[in-house]
Amino acid sequence: MEALFSLFSGFRWQDGLDILLNAYILFRLYVLFRGTNVIRAILTICVLWAVSQAAVSLGLIITNWAMQGIITVAALIVIIVFRNEIASVLQTKNLKSFLWGIPRYQFNTPLNIIVESVYELARKKIGALIVLPLKQGLDSVVQDGIPIRGKLSQELLVSIFWPDNPLHDGAAILQGERIISAGAILPLSKSKDLPSFFGTRHRAAFGLAELTDALVIVVSEERGEITLFKENQIHGVHNRLALGKLLQEHAGDESAPNGIRNQAIELFAAGLISLLCFTGIWLSFSKGMETLATHEVPVEFIKPDQRMEIISSSASNIKLQISGARTLINAVKPEQIKIKLNLLQAVVGTNKLPVTRENILLPPGIRLKKIEPSLLEITLDSLVEKELSVQPHWVGTLPKGLIMTQASVTPQTVLVTGGGLSLKEISTIFTEQLSLNDLTESGTIVAVPVLKPTSIRLKTTETIRVHYLISKKAGTL
Amino acid sequence: MTIILTKKSNKYRIPALPVFFMVLGVLFTTSVCPQQANGKMVMTQAVMCESIETFRPLNPAVVFSISQGEVYCFSNFDPVVQKTIIFHKWYKRDQLIFTMQLTLMPPKWSSFSRIQLRDADKGPWRVEIRTADDTLLQTLRFSIVD
């Protein structure tokens, strides 16, 4: 069980959506094409693809090459040969049936109407050819036919085969409770075992039964006999009960509800297989092709005390070696990886903080392999206020013979805020450089203080003025 | 940088009347001078100057040219009740460059410390005059320029 959980470790909601979406597409393709020859051809291609993959894993180069060629040709053949069936599925005008509808076969067919119609036709010796398709499509074997799509009724069905009706020579195709088309031409059987009294109508019915899973009812024009053709079998019908039973068996065993249940089981199985298929594909993508990558990620420090200030850190970025499926690794964006260090336990001064897996946020499906460096040295300081003396910073040279005897500053001190550690070593704040070169007499200069280190902030806004006294140097003229 | 320390003690014969006025003076300044309140000493003068002549500071100033060659910190104490130690602490910006220990002898004493200037010494300086128990007596701020 643990192994199963580990397989799905890092499973994201996007992965679930991915699997469900693709499984549903596969399921829909099955639903739309089931019963047709296309689905068999596609299944054959899938088997060929599996053989090709097995050949690759076994190192069978020629077999793999041959399989790939066959698959390509087979795909082309499927498209060309089954173009009608594919077109009939894809050209459906009903979006519901295309996206989520489940096509029903003969489960809803009002069999009693068919029985009564057939017996009326037989009694009146009106020749008839009625086709009840099951799962397999008829498009590739049945030609022409006039679309009717009318609701099945005894009167309509009898009238189709009424003599002198232009459609009476062809076959009527029934689907569910509707007559889909009439006047359809069925393929003639080439079998030589058919009874000699069977005419063209019987031969056409047998021809279709040979090729598909459809049930074909024939009413003989000469003898008024009813014959059923299904899967190379010919059933002579002598009473309504027998006809009804045969039709019911065709529609779905002995009763319609059973048929619906079987269809539900079949569709559930198809859905489950689709889901398992894409789960397997996801596993092969996510667990297979494991790859490594290195990301340089900036460290985010969480300061519980906002008065704390980070003075220095041994590293601002940390290299993370991560692993995972190549697709996931390639999809990783830098902003998805975060390193968060909580400074709750840190104190003012130098702190050595280990960087562990708990500090690192990774996208689902990505595993952490290595952290470098795994230890950070961080110096913290707390914000304090301090009063600093102000001192003028004189530069240059006074004119010859002059001397600056006094210099005072107003205000004498200023209030600053900054890191306690930084301010601990500072007792004076100096002004910008004040030139002596042009000073010849006493006066006042407005000066700007220079804040060093730059992290400190001046709290007072008062202008700093430097008052100075200049006099002649003793012993000069 | 060379530090040279010199000290000079002036001895007087103390007549009775001047002693009376001196005592009055001491009492008068008690409220403004803590050193005197402790009965130890009073710093009467502290200046930065270009040189010392006849135990007096010559050209007291706050800006000194490097071409001057040296700069002095002069301090004068009067009275000095007992043998006392003080310190001249020289700072360039906020960095302590050196500390000079000076001994003051009764009844009064002048003392100074000195640095010889190099090109690298240009910038703002200060000298803190402190007692043995690290009490700050005075801060002298000055600049060394071209």
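> Just checking my understanding: could you explain the overall build of chain A for this structure?
When its secondary structure is counted, chain A shows 13 helices and 21 strands. For chain A, with 477 residues in total, the buried portion stands at 25%. A separation of at least 24 residues holds for 71% of the contacts in chain A among residues at least 6 apart in sequence.

> I tried to follow the overall build of chain B on my own but got confused; where do I start?
Scanning chain B for helices and strands turns up two helices and ten strands. Within chain B, the fraction of its 146 residues that count as buried is 32%. Sequence-distant contacts in chain B: of pairs separated by 6 or more residues, those separated by 24 or more amount to 64%.

> How should I be thinking about the confidence of the model for chain B in this particular structure?
Segments scoring low in pLDDT should not have their predicted coordinates read at a detailed level. The pLDDT averaged across chain B works out to 78; a share of 73% of its residues lies at or above 70. Low pLDDT (under 50) marks residues 1–37 of chain B, which in the prediction has 32 contacts with non-local residues, meaning those over four places away or in another chain.

> I tried to follow the sheet that holds strand E21 (residues 464–472) of chain A on my own but got confused; where do I start?
Residue and element names in this part refer to chain A. The strand order E16-E21-E19 describes an open sheet built from three strands, whose pairing is antiparallel. Only two strands of the sheet have a single neighbouring strand rather than two, namely strand E16 (402–410) and strand E19 (443–447). Averaged over all neighbouring strand pairs, the angle between strand axes comes to 25°, with direction disregarded. The pairing of E16 with E21 spans eight bridges and is antiparallel. Bridging across to E21, Ala407 finds its partner in Tyr468.

> I would appreciate a short explanation of helix H7 (residues 111–123) of chain A in the present structure.
Because each turn of an α-helix spans 3.6 residues, side chains separated by three or four positions end up pointing in the same direction. Residues and elements named next belong to chain A. The terminal C-alpha atoms of H7, which comprises 13 residues, lie 18 Å apart, in line with the 18 Å expected from a rise of 1.5 Å per residue. For H7, the complete set of buried residues consists of Ile114, Val115, Ser117, Val118 and Leu121. Directly after H7, the chain includes Lys125, whose backbone phi takes a positive value near 55°.

> So what exactly am I meant to see when it comes to the interface of chain B and chain A here?
Note on interface size: it is often stated as the accessible area lost on association of the parts. Contacts between chain B and chain A engage 14 residues on the former and 20 residues on the latter. For the side of chain B that touches chain A, the secondary-structure elements that each account for two or more residues are strand E3 (56–60), strand E4 (63–65), strand E9 (123–131) and strand E10 (136–145) of chain B. A per-class count over the side of chain B that touches chain A returns seven nonpolar, three polar and four charged.

> Even after reading the chapter, I still don't get unusual backbone geometry, so can you show me in this structure?
Trans peptide bonds make up most of the peptide bonds, and negative phi angles are found at most residues other than glycine. Look at the link from Thr410 of chain A to Pro411 of chain A: it is a cis peptide, with omega at -5°. As for its position among the elements, Pro411 of chain A is in the loop between E16 and strand E17 (413–419). Residue Lys452 of chain A is joined to Pro453 of chain A through a cis peptide bond whose omega torsion reads 0°. Mapped onto the fold, Pro453 of chain A is located in the loop between E19 and strand E20 (457–458). A positive phi is found at Arg93 of chain B, a non-glycine position, where the angle reads about 55°. Along the chain, Arg93 of chain B turns up in the loop between strand E6 (84–92) and strand E7 (95–104). For Arg93 of chain B, a count of 16 C-beta atoms within 10 Å corresponds to the partly exposed category.

> Explain the environment of Lys369 of chain A here, please?
Residues and elements named next belong to chain A. Its place among the elements puts Lys369 in strand E14 (residues 367–372). Once the C-alpha coordinates of Lys369 and Arg357 are considered, the two residues, twelve residues apart in sequence, prove to be 9.7 Å apart. Ignoring anything within four residues of it in the chain, the contact list for Lys369 reads Leu292, Gln321, Ile322 and Ser323.

> Just checking my understanding: could you explain the sheet that holds strand E7 (residues 233–237) of chain A for this structure?
Sheet strands pair by backbone hydrogen bonding; their relative direction is either parallel or antiparallel. All names here are of chain A. Taking strand neighbours across the sheet as the criterion, the seven strands line up as E2-E4-E3-E1-E5-E6-E7 in an open arrangement whose pairing is mixed. Both edges of this open sheet fall to strand E2 (143–151) and E7, since each of them pairs with a single strand only. Taken over all neighbouring pairs, the strand axes of this sheet differ in orientation by 20° on average, direction set aside. Judged from the two bridges that link them, strand E1 (residues 128–132) and strand E3 (residues 171–175) form a sheet pairing that is parallel. Paired with Val131 across the bridge in E3 is Ile173. Strands in contact with H7 are E1, strand E5 (215–219) and strand E6 (226–230); relative to E5, the strand with the most contacts, it is inclined by about 30°. Helix H9 (residues 200–211) contacts E1, E5 and E6 of the sheet and is inclined by roughly 175° relative to E5.

> Just checking my understanding: could you explain the pairing of E14 of chain A for this structure?
For a regular strand, the rule is simple: side chains alternate between the two faces of the sheet. All names here are of chain A. Within E14, only zero of the six residues are buried, which leaves it mostly out in the open. The pairing of strand E10 (residues 317–325) with E14 spans five bridges and is classified as antiparallel. The partner of Ser323 across the bridge, within E14, is Arg367.

> Looking at this structure, how should I read the environment of Phe55 of chain B?
All names here are of chain B. When you line up the elements, Phe55 lands in the loop between strand E2 (41–53) and E3. The partly exposed category is assigned to Phe55, around which 13 C-beta atoms lie within 10 Å. In the structure, Phe55 is positioned 19 residues away from Phe74 in sequence and 9.2 Å away in space, judged by C-alpha atoms.

> Would you explain the nonpolar core in this entry?
Proteins that are soluble and globular tend to have nonpolar side chains buried together. One finds Met404 of chain A together with Met48, Ala61, Val62, Val63, Tyr72 and Leu104 of chain B to be the most contacted residues of the largest nonpolar core, which totals 49 residues. Sequence-distant contacts of Leu104 of chain B, defined by excluding residues within four places in its chain, comprise Met41, Phe77, Val80, Thr84, Ile86, Trp109 and Ser111 of chain B. Residues Val118, Leu157, Ile173 and Val218 of chain A belong to the second largest nonpolar core, which totals 41 residues.

> Honestly, the environment of Ser52 of chain A in this entry has me stumped. Any pointers?
All names here are of chain A. Positionally, Ser52 belongs in helix H3 (residues 37–58). Overall, the presence of 19 C-beta atoms within 10 Å leaves Ser52 in the partly exposed class. A sequence separation of 14 residues divides Ser52 from Ala66, and the C-alpha atoms of the two residues are 8.4 Å apart. Not counting the four nearest positions on each side in its chain, Ser52 is found in contact with Asn64, Met67, Gln68 and Ile71.

> Sorry, what's going on with the packing of H3 of chain A against helix H4 (residues 61–81) of chain A here?
Geometrically, a packed helix pair is captured by the angle between its two axes and the distance between the axes. Residues and elements named next belong to chain A. Interhelical geometry of H3 versus H4 gives an angle of 165° and a closest axis separation of 9 Å. Accordingly, the angle class assigned to the pair H3 and H4 is roughly antiparallel. Crossing of H3 against H4: the hand is left-handed. Of H4, the residues touching H3 (which contributes Val38, Ala41, Ile42, Thr44, Ile45, Leu48, Trp49, Val51, Ser52, Ala55 and Val56) are Thr63, Asn64, Met67, Gln68, Ile70, Ile71, Ala74, Ala75 and Val78.

Calculation rules
Residues numbered from 1 in each chain as written. Chains lettered and ligands numbered in written order. Predicted model: local features only at pLDDT ≥ 70, side-chain atom pairs only at ≥ 80, totals over all residues. Helix = DSSP H or I, 4+ residues; strand = E, 2+ residues; numbered from the N terminus. Buried ≥ 20, exposed ≤ 12 C-beta atoms within 10 Å, placed from the backbone. Contact = placed C-beta atoms within 7 Å. pLDDT = per-residue confidence, 0-100. Pairing = 2+ DSSP bridges. Axes fitted to C-alpha atoms, helices over the stretch in contact; angles between N-to-C directions. Expected span 1.5 Å × (residues − 1). Nonpolar A, V, L, I, M, F, W, Y, C, P; charged D, E, K, R; others polar. Core = buried A, V, L, I, M, F, W, Y, C linked by C-beta atoms within 7 Å. Parallel < 35°, antiparallel > 145°, perpendicular 65-115°, else oblique. Left-handed = near helix turned anticlockwise from the far one by under 90°.

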